[in-house]
Amino acid sequence: MASTMRTTSATSGKTSPSTSNKSMKAAATSKKNLRESKAVSLNVGLNGWEGESDPLTAFEAKMIKKLQPLDNEHSDTYRLQFIRGYENEKDTERVVEVRYKEMLTLRKDAGAVGILNCSKPEGWEEFNEVCELGVLGTTKDARPVYYERIGAYDPKKLDALGYEKLQRCHIRLQDEMLRRKELISRQLGHRMYKHVVILDMKGFGMRHMGPKVLGNIRKLMNLDNAIYPEVLKRLFIVNAPWLFQKAWSLVKGMLHPITRERIKIYGTKPKKFLPKLAEFIDIDQLPTWLGGTNKGTLNGVCSDDFDKIAKELAALEANDTSLDTGKEVRGRRASTQGSTATTKALSLSSIDSQTNVCVCECGVGVKSPACK
């Protein structure tokens, strides 16, 4: 799950020996509040999305237009993730194009071209049984939450599934997540392409440290790095035993440094990790097995839940019900205070006034009658 995010750091001067204890406590409190304020924004408006909903720059619009002829499978939002994911690289234009072409090659090699339009991948039911993972609930700012109960995996069954099936089902599930976020974006009224991941390590032991298991994890991490840039908002690893620290040291180096900054690891005490999760996710959205009250089941690959989402999104696209710029829309979920969140909508099919480049999914690439 490679991703790139601009980061900022706060600096402060040294406190002189004459500074009073009261002043030092006040400074400490101020720093604590600053950290907490940066930890999460509960505002679902345009200012709470760390650049996701920002209007396209001239460069971004230019690059989207350049990438469009390479394939007709992906949305411009997906292309935008590549552009923003590699924006800090030297020779950004060349790097983005190279990475995008590499993604297309990897998908072709994995037999995953048009995977959402194909029949359900072979072994999908077995995949759901062996891998306890899927989507359940949303964050306070309406992002989908993806869970993996890695400690509950049976390595022997995982090995029997085979990497080829594992890879195709993984890609299908992650592509389903892209579509989920597209629908939520339309409901919110602005672009949103990042989600939250929670890995539950309860039960993780030596049996999960075998070369085949770790090898498959490395392969999938490399795959995610290459084909899913800028998808990770936060990754929480909970119920992590000491053994996991060793396993983590073997794989974390494969992640982008900024991605690693988005990852938080917590031990086996719920009283320590539950408050951290609750900063992002309401208790009624967290599953019961993590201390929440959500009794729902994880929506794995090819779930009935996704079928409903796909049909709803297809209907919106077919009826050209993209949101109008400036229209007030309501958030998908009520806030913790019970009031409904509103935000100024950023049209998903708007036309960049400076470049005349269409950023919708019509596939035309320039302003045309097809763009409303």
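Just above, that's the structure.
Given the structure is predicted, the values throughout are model-derived calculations rather than measurements.

S.K.: In this structure, what is going on with helix 8 (residues 211-227)? I would like to understand it.
M.R.: Residue pairs spaced three or four apart in an α-helix point in one direction, given the helix's 3.6 residues per turn. Between the first and last C-alpha of helix 8 there are 24 Å, a value that for 17 residues agrees with the 24 Å anticipated at 1.5 Å per step. Within the span of helix 8, buried status applies to Val 213, Leu 214, Gly 215, Asn 216, Leu 220, Met 221, Leu 223, Asp 224, Asn 225 and Ile 227. Against helix 3 (76-85), helix 4 (92-109), helix 6 (155-161), helix 7 (163-188) and helix 9 (242-251) lie the buried residues of helix 8.

S.K.: Honestly, the environment of Asp 305 in this entry has me stumped. Any pointers?
M.R.: Here Asp 305 shows up in helix 12 (residues 304-318). Overall, the relative accessible area of 27% leaves Asp 305 in the partly exposed class. Ignoring anything within four residues of it in the chain, the contact list for Asp 305 reads Arg 180 and Asn 299.

S.K.: Which parts of the structure should I look at to understand the sheet that holds strand 5 (residues 263-265)?
M.R.: The strands that make up a sheet pair up through hydrogen bonds in the backbone, lying either parallel or antiparallel. Taken in spatial order, the five strands of this open sheet run 1-2-3-4-5, and their pairing is mixed. Strands with a single pairing partner mark the edges of an open sheet, and in this sheet they are strand 1 (133-138) and strand 5. Mean inter-strand twist for the sheet, computed between neighbouring axes without regard to direction, equals 20 degrees. Helix-sheet contacts for helix 7 involve strand 1, strand 2 (144-148) and strand 3 (195-200), and the interaxial angle to strand 2 is about 160 degrees. On top of the sheet, helix 11 (residues 270-280) reaches strand 3 and strand 4 (232-238); it is set at about 160 degrees to strand 4, its chief contact.

S.K.: Explain the pairing of strand 2 to me, please; I cannot follow it from the model alone.
M.R.: The side chains of a regular strand alternate, first on one face of the sheet and then on the other. Among the five residues in strand 2, five count as buried, and that is most of the element. Here strand 2 shows no split at all, with Pro 144, Tyr 146 and Glu 148 on one side and Val 145 and Tyr 147 on the other all buried. Bridge analysis of strand 1 against strand 2 gives four bridges, and the strand direction is antiparallel. Looking at the pairing, Leu 133 lines up with Glu 148 of strand 2.

S.K.: Help me understand the environment of Gln 68 in this model?
M.R.: As for its position among the elements, Gln 68 is in the loop between helix 2 (58-67) and helix 3. Sequence spacing of Gln 68 and Arg 79 is eleven residues, and the spatial spacing of their C-alpha atoms is 8.2 Å. Among the polar contacts listed, one links the side chain of Gln 68 to the side chain of Asp 76, at a separation of 3.0 Å.

S.K.: Whenever I open this one, the side chain of Arg 191 confuses me. Can you help?
M.R.: Its place among the elements puts Arg 191 in the loop between helix 7 and strand 3. One buried charge, Arg 191, has no salt-bridge partner; the nearest side chain with opposite charge is Glu 60, at 6.7 Å. A polar contact of 3.0 Å, which involves the side chain of Arg 191, links it to the backbone oxygen of Glu 52. A polar contact of 3.1 Å, which involves the side chain of Arg 191, links it to the backbone oxygen of Asp 54.

S.K.: I would appreciate a short explanation of the pattern of salt bridges in the present structure.
M.R.: Two side chains carrying opposite charge are able to pair once their charged atoms lie near each other. For the structure shown, the criterion picks out 23 salt bridges. Residue Lys 62 pairs with Glu 93 through a salt bridge whose shortest N-O separation is 3.2 Å. Separated by 31 residues along the polypeptide, Lys 62 in helix 2 and Glu 93 in helix 4 bring together distant segments of the chain. For Glu 93, a relative accessible area of 23% gives the class partly exposed. Asp 141 serves as the salt-bridge partner of Arg 143, at 3.3 Å between the closest nitrogen and oxygen. According to the relative accessible area criterion, Arg 143 is buried, its value standing at 0%. It is possible to trace a salt-bridge network through shared partners that takes in Lys 62, Lys 66, Glu 93, Glu 97 and Lys 101.

S.K.: Is there a simple way to think about the pairing of strand 4 in this case?
M.R.: Strand 4 sits mainly inside the fold: seven of its seven residues count as buried. Both strand 3 and strand 4 contribute to a ladder of six bridges, which runs parallel. Paired with Val 197 across the bridge in strand 4 is Leu 235. Taken together, strand 3, helix 8 and strand 4 form a β-α-β motif whose crossover is right-handed. Where strand 4 meets strand 5, three bridges bridge the pair, whose relative direction is parallel. The residue of strand 5 that forms the bridge with Ile 237 is Ile 265.

S.K.: So what exactly am I meant to see when it comes to the packing of aromatic side chains here?
M.R.: In this description, a pair of aromatic rings is defined by centroid distance and the angle of the planes. Inspection of every chain in the model, using the stated rule, returns six aromatic pairs. Ring centres of Tyr 147 and Trp 289 lie 5.5 Å apart, and the angle between their planes is 75 degrees; this geometry places the pair in the edge-to-face category. Of this pair, Tyr 147 sits in strand 2 while Trp 289 is found in the loop between helix 11 and helix 12, placing the two residues 142 residues apart along the sequence. The exposure class assigned to Tyr 147 is buried, which follows from its relative accessible area of 0%. Judged by relative accessible area, Trp 289 falls into the partly exposed class, the value being 26%. Pairing Phe 236 with Phe 280 gives two aromatic rings, centres 5.5 Å apart and planes at 65 degrees, and the pair type is edge-to-face. Of this pair, Phe 236 sits in strand 4 while Phe 280 sits in helix 11, placing them 44 residues apart in sequence.

The rules behind these values
- For every chain, the first residue of its written sequence is number 1, and the numbers climb from 1 along that sequence.
- In keeping with the model being predicted, local features are shown solely for residues with a pLDDT of at least 70 and side-chain atom pairs are shown and tallied solely at 80 or more, while totals for entire chains, interfaces and linings include all residues.
- Processing note: side-chain calculations cover all non-hydrogen atoms of the structure and skip hydrogens and water entirely.
- A run of DSSP states H or I qualifies as a helix once it reaches four residues; a run of E qualifies as a strand once it reaches two. Both are numbered from the N-terminal end.
- What a helix should span is 1.5 Å times the count of its residues minus one.
- For each residue, the accessible area found with a 1.4 Å probe, counting protein chains only, is set against the maximum for its type, and the residue is called buried under 20%, exposed over 50%, and partly exposed in between.
- Whether two residues touch is decided by their heavy atoms; if any such pair falls within 4.5 Å, the residues are in contact.
- When DSSP finds two or more bridges between a pair of strands, those strands are recorded as paired.
- A fitted line through C-alpha atoms serves as each axis, taken over the contacting stretch for helices, and the angle formed by two N-to-C directions is quoted from 0 to 180°.
- Under the rule applied, a polar contact is a pair of N or O atoms within 3.5 Å (in protein, one hydrogen donor and one hydrogen acceptor; residues adjacent in sequence only if both atoms are side-chain atoms).
- Positive: Lys, Arg. Negative: Asp, Glu. His and the chain ends are not part of the count.
- By definition here, a salt bridge exists when the distance from a side-chain nitrogen of Lys or Arg to a carboxyl oxygen of Asp or Glu is within 4 Å.
- The definition of a right-handed crossover adopted here requires that, viewed with the strands pointing away, the path from the first strand over the helix to the second runs clockwise.
- We call Phe, Tyr and Trp rings a pair once their centres come within 6.5 Å, taking the six-membered ring for Trp, and we label the pair stacked below 30 degrees between planes, edge-to-face above 60, and tilted otherwise.

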